[in-house]
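One letter stands for each residue in the lines below.
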Amino acid sequence: NAGVTQTPKFRVLKTGQSMTLLCAQDMNHEYMYWYRQDPGMGLRLIHYSVGEGTTAKGEVPDGYNVSRLKKQNFLLGLESAAPSQTSVYFCASSDSDRSYEQYFGPGTRLTVT
Amino acid sequence: AQTVTQSQPEMSVQEAETVTLSCTYDTSENNYYLFWYKQPPSRQMILVIRQEAYKQQNATENRFSVNFQKAAKSFSLKISDSQLGDTAMYFCAFFRSGGGADGLTFGKGTHLIIQP
């Protein structure tokens, strides 16, 4: 049982490049989330999903797209990376059993130059 | 929208002492959960303790306990017999349970340093 995994762990992009971050969970959770963490800040919600095939915007969605084609995977895409997207990205998942505890992945450190 | 405020950017105590981290929040919701997460240098987010707003009794997990004051919208974390391994960033977080699964709202965190 790996919990929540994120791929890759580190990435450096040039401005304008695109990439996709992959989050996978093996706990059969309904809900999945993408957050970003910047220095001196707590985590902020980018997008989330309440089930396969559904996504919704969070607090800071601009510049990102997401997809949840399979229940266990939640993808975060950057179509044209900007230096302002330099951050640590966390994926999380939780069950719909009303415990609302979110299980976090190890994070991806992304640098955009 | 909810806001979570942690007014102590950094705290430092001696090993074995008791320390209290402060958190206040603002919401118009009645049904919600509050959490404390620990983030050590490894960057992993670890759940420390959870409190359901409808429960009057304060949550306790071993050396960790909370003081939940719903009317004052205050949710402090007390760490007893602090250990070197408690050194980490601590984040207070709010979850609105009544309207769906729209994610956690985090405070900016408190950097706790346990001195030997």
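The structure under discussion appears in the preceding block.
My aim in this report is to walk through the structure given alongside it, one point at a time. (Residues numbered from 1 in each chain as written. Chains lettered and ligands numbered in written order. Predicted model: local features only at pLDDT ≥ 70, side-chain atom pairs only at ≥ 80, totals over all residues. Heavy atoms only, no water.)

## A look at the overall build of chain B
Alright, step 1. A count of helices and strands for chain B gives 0 helices and 12 strands.
Alright, step 2. Shown N-terminal to C-terminal, the secondary structure of chain B runs as helices and strands in the order β-β-β-β-β-β-β-β-β-β-β-β.
Alright, step 3. Reported as C-alpha extents along the three principal axes, the dimensions of chain B are approximately 45 × 30 × 20 Å.
Alright, step 4. Buried positions account for 49% of the 116 residues belonging to chain B.
Alright, step 5. For chain B, restricting intrachain contacts to residue pairs at least 6 apart in sequence, the fraction spanning at least 24 positions comes to 55%.
Alright, step 6. Total accessible area on chain B stands at roughly 5,500 Å², and carbon and sulfur atoms take up 44% of it. (Helix = DSSP H or I, 4+ residues; strand = E, 2+ residues; numbered from the N terminus. Buried < 20%, exposed > 50% of the residue type's maximum accessible area, 1.4 Å probe, protein only. Contact = heavy atoms within 4.5 Å. Areas by Shrake-Rupley, 256 points an atom, 1.4 Å probe, with all protein chains shown as cover.)

## With respect to the overall build of chain A
Alright, step 1. When you go through chain A residue by residue, the secondary structure sums to 0 helices and 11 strands.
Alright, step 2. Along chain A, from the amino end to the carboxyl end, the secondary structure elements read β-β-β-β-β-β-β-β-β-β-β.
Alright, step 3. Relative to its length of 113 residues, chain A is compact, with a C-alpha radius of gyration of 13 Å against a globular reference of 13 Å.
Alright, step 4. For chain A, the spread of C-alpha atoms along the three principal axes comes to 40 × 30 × 25 Å.
Alright, step 5. Looking at chain A as a whole, 49% of its 113 residues are labelled buried. (Rg over C-alpha atoms; globule rule 2.2 N^0.38 Å.)

## Comments concerning the state of the cysteines
Alright, step 1. Summed over all chains, the structure comprises 2 disulfides over all chains.
Alright, step 2. A sulfur-sulfur distance of 1.8 Å marks the disulfide that ties Cys23 of chain A to Cys91 of chain A. Disulfide Cys23 of chain A-Cys91 of chain A: torsion about the S-S bond near -75°, hence left-handed. Of the two residues, Cys23 of chain A sits in strand S3 (residues 19–25) while Cys91 of chain A sits in strand S9 (residues 87–94), which places them 68 residues apart along the sequence. Here Cys23 of chain A matches Cys91 of chain A in class, with each residue buried.
Alright, step 3. Here Cys23 of chain B pairs with Cys92 of chain B through a disulfide, and the sulfurs are 2.0 Å apart. Around the S-S axis, the bridge from Cys23 of chain B to Cys92 of chain B shows a dihedral of about -70° and counts as left-handed. With Cys23 of chain B in the loop between strand S3 (19–21) and strand S4 (24–26) and Cys92 of chain B in strand S10 (residues 88–96), the pair connects residues that are 69 residues apart, well separated along the chain. This pair shows no difference in class: Cys23 of chain B is buried, exactly as Cys92 of chain B is. (Disulfide = S-S within 2.5 Å.)

## A few points about the pattern of salt bridges
Residue and element names in this part refer to chain B.
Alright, step 1. Applying the stated rule across the entire model yields 8 salt bridges over all chains.
Alright, step 2. Between Arg96 and Glu29 there is a salt bridge, with the nearest N and O atoms lying 3.9 Å from each other. Of this pair, Arg96 sits in strand S10 while Glu29 sits in the loop between S4 and strand S5 (32–39), and the two are 67 residues apart along the sequence.
Alright, step 3. When its relative accessible area of 28% is taken as the criterion, Glu29 is described as partly exposed. (Salt bridge = Lys/Arg side-chain N within 4 Å of Asp/Glu carboxyl O.)

## Concerning the nonpolar core
Alright, step 1. One finds Leu21, Tyr25, Trp36, Phe75, Leu77, Tyr90 and Leu112 of chain B to be the most contacted residues of the largest nonpolar core, which totals 26 residues.
Alright, step 2. The set of elements that each furnish at least two residues to this core consists of strand S2 (10–14), S3, S5, strand S6 (46–52), strand S8 (64–69), strand S9 (74–79), S10 and strand S12 (110–115) of chain B.
Alright, step 3. In terms of residue count, S10 of chain B provides more of this core than any other element does, 4 residues in total.
Alright, step 4. Here Tyr90 of chain B is in contact with Gln6, Leu21, Trp36, Tyr37, Lys38, Val48, Phe64, Leu77, Ile79, Gly109, Thr110 and Leu112 of chain B, once residues within four sequence places are set aside.
Alright, step 5. By size, the runner-up hydrophobic cluster in this structure holds 20 residues, among which are Leu45 and Phe104 of chain A together with Met45 and Ala93 of chain B. (Core = buried A, V, L, I, M, F, W, Y, C linked by side-chain atoms within 4.5 Å.)

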